[in-house]
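Listed here are the chains, written in short residue letters.
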Amino acid sequence: MRSICSLIFLFLSFLYLPLFSVAQDGSITAPTSSAAAANYSCDATKCKLPDCNCASVNPPGGLSPSDVPMFLIYTADDAVQSYTIDAVNQFLAKRTNPNGCPVKMTYYTSLNYTNYTLVTDWYVAGNEIADHTMTHVGTPPADEVNGNLIALNALAGIPFSAIKGFRAPFLNFSLDTLRLLKQSDFTYDSSCSASIPVTDNGTDAFWPYTLDYGLANNCLAVPGACSGQPVIPGLWEFPMYALFDQRGEEGIHLMDPWLDTANGENTPDDAATLAYMKSTFTDHYKGNRQPFGIYTHPIHLATNYPGVAAPTSTIKMINQFLDWAQEQQDVWIVSNEQLLAWMQNPTPLSQLNDFAPFKCSTPQVTAKICNGMPENEAGLLSHCDFPDFPFFTCYGCPTVEVSPSNPNPPQQSVPGQALRTRLPANCSTPFWDPIAAQCLCTTSDCAFVDNSRPIGANNANLTGGGTDEDNGSSSASGASATNSFIPFNAGRTKMAGSWSMVLGIGMVGFVLGLAGTFGRL
């Protein structure tokens, strides 16, 4: 019988999450920078990859646009729950990149209403987990940022060193926020917007760059930014690239653009949104190939959120766009972590067969351990039945709910059971058994199978797969609106009790690169 705590959790999450998401939509209404406000200067003779990169509209490493991939970045923000993961998977689960590997994305995770075992599963499936503060606070203090790191490591088993990126809630940050990220050993921030079309003179649509010579974005929005400030050597800025409708700069869109009206109309129109997504993508693709971003709050696209009608038309439109984009040559859907690896080592299209961060390696673990691989975990998860937001975890329940002042409380003791051991710095998440406190592999040549395939000879036919049920690709007109993927909860062995029917934890694939094995702290 479902506990009262679980019912309270469901009520609170269903009641508050939509309101919460609307409040933090990340929209912008005008350019946030200009060339004059940026007053940017960088010495390219001293600023050299992999540790330094000047803000530039040109691809890194001296490559010509025709030699670089067209990167499509897909991100999601906020709590991780089964319905938010499903909202991502309806677009990405069946897609592959030109090398046959499943596409990856970045999830900027905040902790209110988050189910930690889903974070573990999503990470072990090869996706990037990044920091979005504990309780979703704009211009956050240190305990919000660092507490998120600590809790994700303790309760989701995400290695400290794997949490490389940060995005500020509401996209509200200060120069001190960026300095804090450097102090906390983050590699990049992605809170700035590129708000001038790539086709305009003086565009701020720069490839990712480091802050050795200050910011070149958000110069009109963040006090003290630009004109060489802040100087934070080695910290990368990954701009969020805006989209533009027929009005150009006056028709600017950023996060969840399908919620916006377009072209001066009074109501959102999926056809108009699809048109300007395609036109903005084309401007990037035919220009200097700066990355193109789809930045989402997945709650707006959920199909299984009680009492809320599924946005079927919008879902179909987004899949149509992604199908169309993947029909273009050399398009890769990647996480910001993968893009970072490429930025630090710019690799031409002709050599991508050997580029390790784009490969797909499946961990070979058959032992029945609690490790983010659902078929291994039946009966092993801890149910942490807190009244505000209960969750499951492989790593033992805390005695009290986590908070910025106490992000890693002592572990609850369970009669007849030993305390579980948190992930150590020298073991990768899928190989760690927190119950036996044993790492099944401690070397760099752990048991992985490389599932990538050679890219077309001489870079021919470099397209990825779409959503078609039969062959993995489809035209825009044939894209399925819903049910074109296996729900995230389909792969999870049913846990005892009806709570598992609500959270429906699962996994799409078990793809992982052996990364983040050495701790940050």
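Look up a bit, the structure's there.
Quantities reported herein were computed from a predicted structural model and do not represent experimental measurements.

Calculation notes
Residues numbered from 1 in each chain as written. Predicted model: local features only at pLDDT ≥ 70, side-chain atom pairs only at ≥ 80, totals over all residues. Heavy atoms only, no water. Core = buried A, V, L, I, M, F, W, Y, C linked by side-chain atoms within 4.5 Å. Buried < 20%, exposed > 50% of the residue type's maximum accessible area, 1.4 Å probe, protein only. Contact = heavy atoms within 4.5 Å. Helix = DSSP H or I, 4+ residues; strand = E, 2+ residues; numbered from the N terminus. Pairing = 2+ DSSP bridges. Axes fitted to C-alpha atoms, helices over the stretch in contact; angles between N-to-C directions. Parallel < 35°, antiparallel > 145°, perpendicular 65-115°, else oblique. Nonpolar A, V, L, I, M, F, W, Y, C, P; charged D, E, K, R; others polar. 1 Å grid on protein atoms, 1.4 Å probe; cavity = no way out; pocket = protein on both sides within 12 Å on 5 of 7 lines; lining within 4 Å. Points joined across faces, edges and corners; volume = space filled by probe spheres on them. Left-handed = near helix turned anticlockwise from the far one by under 90°. Disulfide = S-S within 2.5 Å.

(A) Main features of the nonpolar core. Counting residues in hydrophobic clusters, the biggest one holds 97 residues, and the most contacted among them are L72, I158, L215, F281, I294, F321 and L322. Those residues within four positions of I294 in sequence are excluded, and the remaining contacts are L72, I73, Y74, T75, W258, M277, F321 and L322.

(B) Local environment of the pairing of strand β13 (residues 331–334). Neither face of β13 is exposed, since V331 and I333 on one face and W332 and V334 on the opposite face are all buried. Summarising the sheet, strand β1 (residues 70–78) and β13 pair through four bridges and their orientation is parallel. Paired with L72 across the two strands is I333, which belongs to β13.

(C) Summary view of unusual backbone geometry. A cis geometry characterises the amide bond from L49 onward to P50, with omega recorded as 15 degrees. Among the structural elements, P50 can be located in the loop between α2 (35–38) and β1. Look at the link from Q229 to P230: it is a cis peptide, with omega at -5 degrees. Residue placement: P230 occurs in the loop between β7 (209–211) and β8 (232–237). At F170, a residue that is not glycine, the phi angle is positive and equals roughly 60 degrees. Counting through the fold element by element, F170 comes out in the loop between β4 (165–166) and α6 (175–183). For F170, a relative accessible area of 33% translates into the label partly exposed. Residue A437 is not a glycine yet carries a positive backbone phi of 55 degrees. Positionally, A437 belongs in the loop between β17 (432–433) and β18 (438–439). What makes A437 partly exposed here is its relative accessible area of 38%.

(D) How the structure looks around the packing of helix α4 (residues 116–124) against helix α5 (residues 142–156). The geometry of α4 relative to α5 is characterised by a closest axis approach of 9 Å and an angle of 85 degrees between their N-to-C directions. Put simply, α4 runs roughly perpendicular to α5. For the pair formed by α4 and α5, the contact residues are Y116, V119 and T120 on the first element and A151, L152, L155 and A156 on the second. Tallied by class, the residues present in the contact of α4 with α5 amount to six nonpolar, one polar and no charged.

(E) Quick look at empty space enclosed by the protein. Per the counting criterion, the structure on display carries two cavities of 30 Å³ or more. Taken as a whole, the second largest cavity encloses approximately 50 Å³ of empty space. Looking at the second largest cavity, the residues that line it are I73, R167, S190, P208, F238, P239, Y241, P291, Y295, N336 and L339. Residues of the lining of the second largest cavity, tallied by class, amount to eight nonpolar, two polar and one charged.

(F) The packing of helix α7 (residues 270–286) against helix α8 (residues 312–326), seen in detail. Contact pair α7 / α8: the axes reach a minimum separation of 10 Å and the direction vectors enclose 25 degrees. Looking at the two axes, α7 sits roughly parallel to α8. Read as a crossing pair, α7 and α8 show a hand that is right-handed. Across the interface between the two elements, D270, T273, L274, M277, K278, F281 and T282 from α7 touch S313, T314, M317, Q320, F321, W324 and A325 from α8. Of the residues contributing to the contact of α7 with α8, the split by class is seven nonpolar, five polar and two charged.

(G) Layout of the state of the cysteines. Summed over all chains, the structure comprises seven disulfides. Between C101 and C360 runs a disulfide, and the two sulfur atoms are separated by 2.1 Å. Its S-S torsion of about -75 degrees marks the bond between C101 and C360 as left-handed, since a negative value means left-handed. Of the two residues, C101 is situated in the loop between α3 (82–92) and β2 (106–109) and C360 in the loop between α9 (336–344) and β14 (361–363); the sequence distance between them amounts to 259 residues. The same class applies to C101 as to C360, namely buried. Across a sulfur-sulfur distance of 2.2 Å, C370 and C394 are joined as a disulfide pair. The sign of the -80 degrees torsion about the S-S bond sets the C370-C394 disulfide as left-handed. Of this pair, C370 sits in the loop between β14 and β15 (382–384) while C394 is found in the loop between β16 (391–393) and β17, placing the two residues 24 residues apart along the sequence. As far as burial versus exposure is concerned, C370 and C394 are alike and both buried. A disulfide-free cysteine, C192 has its sulfur positioned 7.7 Å from the sulfur of C226, the nearest such atom.

(H) Quick peek at α3. Of all the 11 residues making up α3, 11 are buried; the element is thus mostly covered by neighbouring parts of the structure. Buried within α3 are the following residues: S82, Y83, T84, I85, D86, A87, V88, N89, Q90, F91 and L92.

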